[in-house]
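Take a look at the letters that make up each chain.
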Amino acid sequence: MTDTAASAPSLSSSARGLTYDVVVVGGGAAGLSTASSILKRRGGITVAIIEPSGSHFYQPGWTLVGGGVFKQSQTRRSEKKLIPAGADWVQAAATGFEPDANLVHLSNGSSIRYNVLVVATGLTLDWDAIPGLTETLGRNGVTSNYRYDLAPYTWQLVQTLGRGNAVFTQPPMPIKCAGAPQKAMYLACDAWRRRGLADNIHVSFHTATPGLFGVKEFVPALMEYIKRYNIDLELKSRLTKVDGASRIATFENVGEDGAKATVETEFDMLHVVPPQRAPEVISSSPLAGDGGWVAVDPATLRHVKYENVFALGDVAGTSNAKTAAAVRVQAPVVAVNVLATLDHRPMVADYDGYGACPLTVERGKIVLAEFGYGGKLEPTLPTWLLDGRKPTQLAWFLKEWVMPVLYWDGMLKGRELMVAPHKIGTPR
Ligand SMILES: Cc1cc2nc3c(=O)[nH]c(=O)nc-3n(C[C@H](O)[C@H](O)[C@H](O)COP(=O)(O)OP(=O)(O)OC[C@H]3O[C@@H](n4cnc5c(N)ncnc54)[C@H](O)[C@@H]3O)c2cc1C
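Thresholds, definitions, all that
- Residues numbered from 1 in each chain as written.
- Predicted model: local features only at pLDDT ≥ 70, side-chain atom pairs only at ≥ 80, totals over all residues.
- Heavy atoms only, no water.
- UniProt positions renumbered as here; feature names shortened; annotations may be inferred.
- Pairing = 2+ DSSP bridges.
- Helix = DSSP H or I, 4+ residues; strand = E, 2+ residues; numbered from the N terminus.
- Axes fitted to C-alpha atoms, helices over the stretch in contact; angles between N-to-C directions.
- Near = heavy atom within 4 Å.
- Polar contact = N/O pair within 3.5 Å; in protein donor to acceptor, adjacent residues only side chain to side chain.
- Areas by Shrake-Rupley, 256 points an atom, 1.4 Å probe, with all protein chains shown as cover.
- Buried < 20%, exposed > 50% of the residue type's maximum accessible area, 1.4 Å probe, protein only.
- Salt bridge = Lys/Arg side-chain N within 4 Å of Asp/Glu carboxyl O.

Under an unreviewed UniProt entry, the name given to the protein is Sulfide dehydrogenase [flavocytochrome c] flavoprotein chain, and the organism recorded is Komagataeibacter saccharivorans. Taken directly from UniProt, the Cofactor (unreviewed entry) text for the protein runs: "FAD".

If you want it as structure tokens, here you go:
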């Protein structure tokens, strides 16, 4: 690893000339949390975090930026300040994986060797998959809360629209935070309702999915809001093209009989959630499984073939909701399993698929969908205190005031509040 250290200036001298005990690829929600959780348990081991970006983003906050609740700046911090003490930050992107040789290749031309690898690159937002979209984003009424720079434009459009057609889209699954396409819409509808514009603005929701939400227990509450805001709900309707200048969105609709039809819709505001896929560097690597995601055991999050490789967060090929809430539970599990691997011990902890999606149905109220593998409801608080199947003010309070603190000062720092790793074989 001497060569690597020489070409990666951010490496500390303690790690020079060594193979890293742990290499974490991706310094987002999952990478930082896992590295912190590992180092909290065992200082003195060598940990490298490979992350090209100088900024870290609190993406769950972008919904509230688009809803006029948070300032954009509240969702961004310097990556450097978030790297846990004891870890080396390699500011580069992983460009290739050679798991048989325990090697990761980097965009700076060097390679880095590991004893244990943690893959946490997140997913790729495929804006270019929709012809016409990229060139009109941020203009012509076309926006998306899925980008830091565009979320303020969502709120600007909501504030300035007085009448016309507002169209919101959701691509095929899997996507990160499957509720976020709806959240943007409900907050916009609520703002228009408060300004007395509900009758002037026609709202439609085009989702490529066959249902409004993947877990049936949460659908009745959401349908109430679809009715309240008079939203035209178009299921199995996928955005295929955008003409920004003419303000026309094209959809492929699948009918009851499976027949496909192309439908054009005029818009004054278009909120797009792009198709999402595994990053190319992962899907083209030996680590990839179904759909290009990292093939891991859903419980231990260890790779199904390479015993010294783990993956968590959005890039993992698991069926949980791709959310930061899932990461919060996964990170401690991966941390203890990584340390067990370093010690040549069997896996110690397992993950049950917990994820959470706080659906902002109106300003001040949230339907808090918490569920694990198979859509099993997994409320954190007793239902007498917070029933996630109903809109509650308490869930909004958690989203606006508690979750950001839990994120920045809890999970990213390895403080595992109420998420102790579950020991394999013990009752939950
Ligand atoms: C609009 C929106 C709303 C959301 N709302 C919620 C919510 O309310 N609740 C919730 O729990 N979750 C929510 N999420 C989802 C949540 O943000 C993600 O699930 C979470 O960030 C996943 O963490 P991650 O580390 O896997 O990915 P990310 O946080 O995206 O981090 C991935 C990191 O990997 C880096 N990277 C990429 N490629 C490479 C490479 N080749 N080499 C090295 N590094 C690389 C990236 O630069 C990035 O820093 C929302 C997301 C969005 C976009």
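From this point, the narrative continues.
Caption draft 1: Region of interest: the sheet that holds strand β15 (residues 248-254). Sheet architecture is open: three strands sit in the order β14-β15-β16, paired in antiparallel fashion. Two strands lie at the open edges of the sheet, namely β14 (237-243) and β16 (260-266), each paired on one side alone. In this sheet, adjacent strand axes meet at a mean angle of 25 degrees when their direction is disregarded. As paired strands, β15 and β16 are joined by seven bridges and run antiparallel to one another. In the strand pairing of β16, isoleucine 248 is matched with glutamate 266.

Caption draft 2: Fine view of the site of the ligand. Taken together, 34 residues lie around the ligand, and Ala30, Glu51, Ala94, Asp314 and Ala325 are the ones closest in. In the model, an oxygen atom of the ligand is placed 2.9 Å from a nitrogen or oxygen of the lysine 183 side chain. Between an oxygen atom of the ligand and a main-chain N or O atom of threonine 323, the distance comes to 3.4 Å. Protein contacts shield 89% of the accessible area of the ligand, which totals 1,000 Å² for the unbound molecule. Breaking the shell around the ligand down by element, the ones donating at least two residues are α2 (29-41), α7 (180-194), α10 (324-342) and β21 (355-362).

Caption draft 3: Quick look at unusual backbone geometry. Residue proline 174 is reached from methionine 173 by a cis peptide bond, and omega for that bond is 0 degrees. Structurally, proline 174 can be placed in the loop between β11 (164-170) and α7. A positive phi angle is found at lysine 236, which is not glycine, with a value near 50 degrees. Inspection of the secondary structure assignment puts lysine 236 in the loop between β13 (232-234) and β14. Of note in the backbone geometry, histidine 344 takes a positive phi value of approximately 60 degrees without being a glycine. Within the secondary structure layout, histidine 344 lies in the loop between α10 and β20 (349-350). Overall, histidine 344 belongs to the exposed group, its relative accessible area being 75%.

Caption draft 4: Local environment of the pattern of salt bridges. Using the criterion set out here, one finds 16 salt bridges in the structure. Taking the shortest distance from any N to any O, the salt bridge between lysine 390 and aspartate 387 comes out at 3.6 Å. Judged by relative accessible area, which is 14%, aspartate 387 ranks as buried. Of the charged contacts, one joins aspartate 409 and lysine 413 as a salt bridge, the two residues approaching to 3.4 Å between their closest N and O atoms. Residue class for aspartate 409 comes out partly exposed when judged on its relative accessible area of 33%. Residue classification places lysine 413 among the partly exposed residues on the basis of a relative accessible area of 34%. Three or more residues are tied together by salt bridges with common partners; here these are Asp190, Arg193, Arg194, Arg228 and Glu362.

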